[in-house]
Amino acid sequence: MRISVTNIKLCMLEYAIIALGLFAFGDAAYVPAVYLAITGHLLLWPIMLMSFVASNLMDIGWYLFGTKGLQKVFKSLPFIAKWEEKHPELMASFFKHQLKIIFWSRFLHGMGYPIMILSGVYKVPFKKYMMMNLLSALIIVFSVPTVIYFTQQSSYAIFNSLKLAEIVLVVAVILIFALSRFKIRKVATKILLGKKDEKGL
């Protein structure tokens with residue numbers, strides 16, 4: 001009886017540590033936890049459930065931090081207003097594609113938290129914001145165990161694969177952004193030159 005009680009306590013301690021890790025490090029803590037479950041050290045379904053709940057609670061927390069805690073301070077900073085005035089096309093792009101940005105930021109290392117806070121600062125509709133986060137969280141919760149199960153790689157190799165995927169996504173986003181800016185400038189130049197020609201005529 002003592003052994004079983006001790007085992008239960010140790011098991012609860014393990015899951016408590018994993019839960020703290022999920023809140024502190026997010027998806028980075030989810031990968032090794034899933035690996036431990038796939039290799040038989042832990043149960044998989046509690047880890048998946050904890051990851052999903054922790055992820056969405058953190059998303060709500062960062063959004064509220066942006067809305068309630070940071071909005072007034074952020075917008076009162078003079079250099080922020082100047083930056084917004086100098087880069088209206090970026091602000092317009094953010095508001096136009098805000099849901100896509102929220103969704104894809106989940107898969108870009110280091111981009112999730114800033115985007116969530118900015119979503120609160122600029123008052124992205126909460127229901128749409130959470131819809132994107134729920135969808136992206138579900139994809140991660142189910143895709144990570146699937147990848148680890150079918151590949152049976154070490155946790156180190158999985159981290160390398162995720163980092164490589166993040167780098168590829170970042171490069172792709174930068175290229176798309178650069179091309180879009182080039183296209184905007186090209187169109188603007190044509191319009192300006194057209195106006196100048198009309199004035200010359």
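These lines cover the structure that appears in this document, whether it is placed above or below.

Parameters at a glance
Residues numbered from 1 in each chain as written. Predicted model: local features only at pLDDT ≥ 70, side-chain atom pairs only at ≥ 80, totals over all residues. Heavy atoms only, no water. Helix = DSSP H or I, 4+ residues; strand = E, 2+ residues; numbered from the N terminus. Buried < 20%, exposed > 50% of the residue type's maximum accessible area, 1.4 Å probe, protein only. Contact = heavy atoms within 4.5 Å. Areas by Shrake-Rupley, 256 points an atom, 1.4 Å probe, with all protein chains shown as cover. Phe/Tyr/Trp six-rings, centres within 6.5 Å; stacked < 30°, edge-to-face > 60°. 1 Å grid on protein atoms, 1.4 Å probe; cavity = no way out; pocket = protein on both sides within 12 Å on 5 of 7 lines; lining within 4 Å. Points joined across faces, edges and corners; volume = space filled by probe spheres on them. Nonpolar A, V, L, I, M, F, W, Y, C, P; charged D, E, K, R; others polar. Core = buried A, V, L, I, M, F, W, Y, C linked by side-chain atoms within 4.5 Å. Expected span 1.5 Å × (residues − 1). Patch = residues over 30% accessible without salt bridge, like charges linked within 9 Å, V, L, I, M, F, W, Y side chains within 5 Å. Salt bridge = Lys/Arg side-chain N within 4 Å of Asp/Glu carboxyl O. Axes fitted to C-alpha atoms, helices over the stretch in contact; angles between N-to-C directions. Parallel < 35°, antiparallel > 145°, perpendicular 65-115°, else oblique. Left-handed = near helix turned anticlockwise from the far one by under 90°.

Quick notes on the overall build of the chain
When helices and strands are counted, the chain shows nine helices and zero strands. Burial statistics for the chain: of 201 residues in total, 29% are counted as buried. Long-range pairs, those at least 24 residues apart, make up 77% of the contacts in the chain with a sequence separation of at least 6. Surface accessibility of the chain: about 13,700 Å² in total, with carbon and sulfur atoms responsible for 74%.

Quick word on the packing of aromatic side chains
Overall, the coordinates contain seven aromatic pairs when judged by the stated rule. Between Tyr63 and Tyr129, the aromatic rings sit 4.6 Å apart at their centres with planes inclined by 35 degrees, giving tilted as the arrangement. Of this pair, Tyr63 sits in helix H3 (residues 44-76) while Tyr129 sits in helix H8 (residues 126-151), and the two are 66 residues apart along the sequence. Neither Tyr63 nor Tyr129 differs from the other in exposure class; each is buried.

Topic: empty space enclosed by the protein
Applying the stated criterion to the full structure yields one cavity of 30 Å³ or more. Considering only enclosed or pocket space, the largest cavity measures out at about 40 Å³ in volume. In terms of lining, the largest cavity is formed by Leu22, Gly26, Asp27, Ser51, Ala54 and Ser55. It is H3 that contributes the most residues to the lining of the largest cavity, three residues altogether. Classifying every residue of the lining of the largest cavity gives two nonpolar, three polar and one charged.

With respect to the nonpolar core
In a soluble, globular protein the nonpolar side chains are often hidden away together inside. Core analysis: the largest hydrophobic core is formed by 27 residues, its most contacted members being Tyr30, Ile47, Tyr129 and Val144. For this core, the elements supplying multiple residues, two or more each, are helix H1 (2-25), helix H2 (27-38), H3, helix H6 (98-105), helix H7 (112-121) and H8. No other element matches the seven residues that H8 contributes to this core. The contacts of Tyr129, once residues within four sequence positions are left out, are Asp59, Tyr63, Leu99, Ile102, Met116, Ser119 and Val124. Counting five residues, the second-largest nonpolar core is a separate cluster that includes Met91, Ile117, Val121 and Tyr122.

Observations concerning H8
If you check H8, its first and last C-alpha atoms are 37 Å apart, about what 26 residues at 1.5 Å a residue would give, namely 38 Å. For H8, the set of buried residues is Tyr129, Met130, Met132, Asn133, Ser136, Ala137, Ile140, Val141, Val144, Pro145 and Ile148.

Quick notes on a nonpolar patch on the surface
A surface patch of nonpolar side chains, amounting to about 610 Å² of accessible area, comprises Phe23, Leu43, Trp45, Leu49, Val53 and Leu57. Here the nonpolar patch gets four residues from one element, more than from any other, and that element is H3. Its place among the elements puts Leu57 in helix H3.

Focus on the packing of H6 against H7
The N-to-C vectors of H6 and H7 enclose an angle of 150 degrees; their axes lie 9 Å apart at closest approach. It follows that H6 is roughly antiparallel to H7 by the angle criterion. The way H6 lies across H7 gives a crossing that is left-handed. Across from Ile101, Ile102 and Ser105 in H6, the residues of H7 making contact are Gly112, Ile115 and Ser119. Tallied by class, the residues present in the contact of H6 with H7 amount to three nonpolar, three polar and no charged.

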